[in-house]
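Observations on the three-dimensional arrangement
Now for the letters of each chain:
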Amino acid sequence: MVLYRVAIRPVMSFASPVQGDTLFGAFCWSYRYSCGEEALTELLEELKSGRQQIIFSNAFPGGTLPLPLGIRDAAADFEKIETKEERKKAYQEHKKLKSAKYVTRQWFQKLQEGDYHGFTAGLCDEGITEQTVVHNMVSRQEGSVKNIEGSGSLYGEDEFFVGKDQTYDVYVLSTLPEDRLRTIIEMMFQLGIGKDKSTGKGAFEVVGWQEEKELLNCKRSNGFVALSNFIPAQGDPTEGRYKTLVKYGKLDREYAISEAPFKKPLIFIQAGGVFKDENVKMHYGRYATQISMIPGVVINGQTIAVPMQISM
């Protein structure tokens with residue numbers, strides 16, 4: 001398996017968080033368009049059996065990685081601080097840490113080796129502005145805006161906007177040939193990620209592609225940090241620090257207009273969760289099946305695991 005780092009730049013705003021399971025679904029659609037439905041069915045069987053792998057991380061602001069959950073800087077320990085000025089500084093750093101999600105690659109690699117001293121200097125924000133965009137409600141029967149019985153015809157949807165120079169990093173762990181993998185991924189981002197693709201939302205351009213070796217070369221590790229949301233498999237480690245979220249998924253493309261467009265709700269461990277494991281594998285989690293009334297629909301609930309020296 002080879003780990004790649006893919007740099008992407010938004011073409012316009014996007015309406016869904018760019019997360020690993022969403023990227024996998026978009027990849028499958030692009031693979032189907034490029035290679036055919038039969039080829040996709042064969043690939044999914046290979047993936048579920050473990051003979052092939054294609055796992056996506058969440059998208060992180062360029063040059064950052066998820067902040068491992070629950071880490072502390074000993075220098076900010078309030079019980080050991082004597083002066084008022086130091087206490088004030090430690091309080092400000094702690095407050096910043098509560099809402100932080102990302103840390104620079106340089107500091108992340110220090111954290112991997114167990115060096116937590118001063119890591120709050122490397123905290124980063126998402127660089128995203130979330131806005132509610134108001135739309136008109138269009139009648140499906142007449143194709144025009146109607147104000148039926150005095151009811152409102154406006155509704156709002158949240159969209160994410162970024163600066164024109166903002167890029168994101170997505171990590172891909174795969175056994176597929178690099179040339180085929182890159183072709184499908186470039187198509188995937190051009191077609192768009194998440195909802196409202198038909199109006200151009202969620203389109204990205206690939207601006208960088210390279211094999212990633214540094215992240216997997218931790219000199220000493222006793223655990224890992226997850227690079228995407230994932231569904232734990234039986235036998236996965238349970239001792240760790242993590243947060244969960246429930247995802248209420250919806251089917252994509254032509255399946256989205258079927259009689260049953262929704263997936264069953266699933267509980268995921270959020271990216272940035274850390275778990276103890278003396279023999280860290282390259283990935284954890286499992287595929288989720290039977291999550292839709294349409295047969296054959298699967299969710300890739302796996303995560304890329306980055307080795308790390310952690311303390312509980």
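Look a little higher up for the structure.
Residues numbered from 1 in each chain as written. Predicted model: local features only at pLDDT ≥ 70, side-chain atom pairs only at ≥ 80, totals over all residues. Heavy atoms only, no water.

Side note on the pattern of salt bridges
Counting across every chain of the model gives 11 salt bridges. One salt bridge connects Glu212 with Arg105, and the closest N-O pair in it is separated by 3.3 Å. Of this pair, Glu212 sits in the loop between strand 10 (204–211) and strand 11 (223–226) while Arg105 sits in helix 4 (residues 105–112), and the two are 107 residues apart along the sequence. Accessibility assignment for this pair places Glu212 and Arg105 in one class, buried. For Asp252, the salt bridge goes to Arg253, with nearest N and O atoms at 2.8 Å. Overall, the relative accessible area of 22% leaves Asp252 in the partly exposed class. Connected through shared salt-bridge partners, Arg5, Arg105, Asp169, Glu212 and Glu214 make up one network. (Salt bridge = Lys/Arg side-chain N within 4 Å of Asp/Glu carboxyl O. Helix = DSSP H or I, 4+ residues; strand = E, 2+ residues; numbered from the N terminus. Buried < 20%, exposed > 50% of the residue type's maximum accessible area, 1.4 Å probe, protein only.)

Details of the sheet that holds strand 16 (residues 283–288)
Reading across the sheet, the 5 strands line up as 12-15-11-17-16 and stay open at both edges, with antiparallel pairing between neighbours. Either end of the sheet is taken by a strand with one partner, and the two such strands are strand 12 (240–241) and strand 16. Alignment of strand 16 against strand 17 (residues 299–308), held across 6 bridges, turns out to be antiparallel. Each bridged residue has a counterpart across the sheet, and for Tyr287 the counterpart in strand 17 is Asn300. Running at roughly 75° to strand 17, helix 4 makes contact with strand 11 and strand 17 of the sheet. (Pairing = 2+ DSSP bridges. Contact = heavy atoms within 4.5 Å. Axes fitted to C-alpha atoms, helices over the stretch in contact; angles between N-to-C directions.)

A short note on empty space enclosed by the protein
Applying the stated criterion to the full structure yields 1 cavity of 30 Å³ or more. Lining the largest cavity, in full, are Gly20, Asp21, Phe24, Ile55, Phe56, Ser228, Asn229, Asn300 and Gln302. Broken down by secondary-structure element, the contributors of at least two residues to the lining of the largest cavity are helix 1 (20–35), strand 2 (54–56) and strand 17. If one sorts the elements of the lining of the largest cavity by residue count, helix 1 sits on top with 3 residues. Taken together, the residues of the lining of the largest cavity break down into 3 nonpolar, 5 polar and 1 charged. (1 Å grid on protein atoms, 1.4 Å probe; cavity = no way out; pocket = protein on both sides within 12 Å on 5 of 7 lines; lining within 4 Å. Points joined across faces, edges and corners; volume = space filled by probe spheres on them. Nonpolar A, V, L, I, M, F, W, Y, C, P; charged D, E, K, R; others polar.)

Things to note about the environment of Gln166
Looking at the element boundaries, Gln166 is found in the loop between strand 8 (154–162) and strand 9 (168–174). If near-sequence neighbours (up to four positions away) are discounted, Gln166 is found in contact with Ile8, Arg9, Pro10, Pro61, Gly62, Glu126 and Gly127.

Some points on the packing of aromatic side chains
Within the structure shown, the criterion is met by 12 aromatic pairs. Ring geometry for Trp29 and Tyr33: centres 6.1 Å apart, planes at 40°, overall tilted. With a gap of 4 residues between them, Trp29 and Tyr33 both fall in helix 1, about one helical turn apart. Under the relative-accessibility criterion, Trp29 is labelled buried at 10%. (Phe/Tyr/Trp six-rings, centres within 6.5 Å; stacked < 30°, edge-to-face > 60°.)

Let's talk about the layout of surface pockets
Size it by volume and the largest pocket reaches roughly 1,500 Å³. Lining the largest pocket are 50 residues, with Trp29, Lys250, Leu251, Asp252 and Lys263 sitting closest to its centre. Secondary structure elements with two or more residues in the lining of the largest pocket: helix 1, helix 2 (37–49), strand 13 (244–247), strand 14 (266–269) and strand 17. Top contributing element to the lining of the largest pocket by residue count: helix 1, with 8 residues. Its residues placed into classes, the lining of the largest pocket shows 22 nonpolar, 12 polar and 16 charged.

Topic: the sheet that holds strand 6 (residues 123–124)
Ordered in space as 4-5-6, the 3 strands form an open sheet in which the pairing is antiparallel. Lying at the two open borders of the sheet, with one neighbouring strand each, are strand 4 (64–66) and strand 6. As paired strands, strand 5 (residues 102–104) and strand 6 are joined by 2 bridges and run antiparallel to one another. Looking across to strand 6, one finds that Tyr102 is bridged to Cys124. Contacts from helix 4 reach strand 4 and strand 5 within the one sheet, and its direction differs from that of strand 5 by about 95°.

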